[in-house]
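Geometric and topological summary
Listed below are the residues making up each chain.
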Amino acid sequence: EDGNPVMGGPRMRTPPPDQVNNSLYYEVLELEKNATVDEVKKGYRKMALRWHPDKNQAKKEEAEERFKKVSEAYECLSDPQKRALYDKYGHAAFE
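A brief structural summary. (Residues numbered from 1 in each chain as written. Predicted model: local features only at pLDDT ≥ 70, side-chain atom pairs only at ≥ 80, totals over all residues. Heavy atoms only, no water.)

A tally of helices and strands in the protein chain yields four helices and two strands. The linear arrangement of helices and strands in the protein chain, starting from the amino end, is β-β-α-α-α-α. A fraction of 48% describes how many contacts in the protein chain between residues 6 or more apart in sequence connect residues 24 or more apart. Looking at the protein chain as shown, the accessible area adds up to about 6,700 Å², and 49% of this sits on carbon and sulfur atoms. (Helix = DSSP H or I, 4+ residues; strand = E, 2+ residues; numbered from the N terminus. Contact = heavy atoms within 4.5 Å. Areas by Shrake-Rupley, 256 points an atom, 1.4 Å probe, with all protein chains shown as cover.)

See below:
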C-alpha cells in the first residue's frame with residue numbers, strides 16, 4: 001500500500017496530485033490558498049453569518065448544510081497541522 005504516515009496514524013493512500021481537490025475549503029470560506037490566519041477568521045465569520053440557519057428561515061435546510069460546511073472548513077484551515085495536511089493531500093488526509 002502506498003502512502004505516508006500521518007501524525008503516527010495508519011498509512012493512508014496518497015491520491016495522484018491531479019486528483020487532489022484541496023481548494024474546496026478555501027472556496028467555502030471565499031479565501032485564496034495563501035490566506036493568513038486573520039483572513040481565515042474573517043472569512044469564517046462572514047460566511048457563518050451569511051449561512052446561519054437562524055438568519056435563513058426561508059432556506060433553513062440549505063443554510064444548515066452550508067453552515068456545517070463553513071464550520072468544517074474553518075476547523076481545518078484554522079489549525080496549522082490540519083491545514084498543512086489538507087494543502088498537501090486534500091480531503092483524503094481526513095478520510
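This paragraph deals with helix H3 (residues 60-77). If you check H3, its first and last C-alpha atoms are 25 Å apart, about what 18 residues at 1.5 Å a residue would give, namely 26 Å. As for H3, its buried residues are in contact with helix H1 (24-28), helix H2 (37-51) and helix H4 (80-89). (Expected span 1.5 Å × (residues − 1).)

With that settled, consider the pattern of salt bridges. Throughout the structure, instances matching the rule amount to four salt bridges. Residues Arg 50 and Glu 30 are paired through a salt bridge, measuring 3.1 Å at the closest nitrogen-oxygen approach. Of the two residues, Arg 50 sits in helix H2 while Glu 30 sits in the loop between H1 and H2, which places them 20 residues apart along the sequence. In this structure Glu 30 comes out as partly exposed when scored by relative accessible area, which is 45%. (Salt bridge = Lys/Arg side-chain N within 4 Å of Asp/Glu carboxyl O. Buried < 20%, exposed > 50% of the residue type's maximum accessible area, 1.4 Å probe, protein only.)

Moving on: the environment of His 52. Residue position: His 52 is located in the loop between H2 and H3. Apart from the residues lying within four places of it in its own chain, the contact partners of His 52 are Ala 63 and Phe 67.

Within the secondary structure layout, Tyr 74 lies in helix H3. A sequence separation of 26 residues divides Tyr 74 from Ala 48, and the C-alpha atoms of the two residues are 9.8 Å apart. Apart from the residues lying within four places of it in its own chain, the contact partners of Tyr 74 are Leu 29, Val 40, Lys 41 and Tyr 44.

Take the packing of H2 against H3 next. For any two helices packed against each other, one specifies the inter-axial angle together with the distance between the axes. With their axes 9 Å apart at the nearest point, H2 and H3 run at an angle of 170 degrees to one another. Relative to H3, the element H2 lies roughly antiparallel. On H3, the residues that touch Val 40, Lys 41, Tyr 44, Met 47, Ala 48 and Trp 51 of H2 are Glu 62, Ala 63, Arg 66, Phe 67, Val 70, Ser 71, Tyr 74 and Leu 77. For the contact of H2 with H3, the class distribution of residues is ten nonpolar, one polar and three charged. (Axes fitted to C-alpha atoms, helices over the stretch in contact; angles between N-to-C directions. Parallel < 35°, antiparallel > 145°, perpendicular 65-115°, else oblique. Nonpolar A, V, L, I, M, F, W, Y, C, P; charged D, E, K, R; others polar.)

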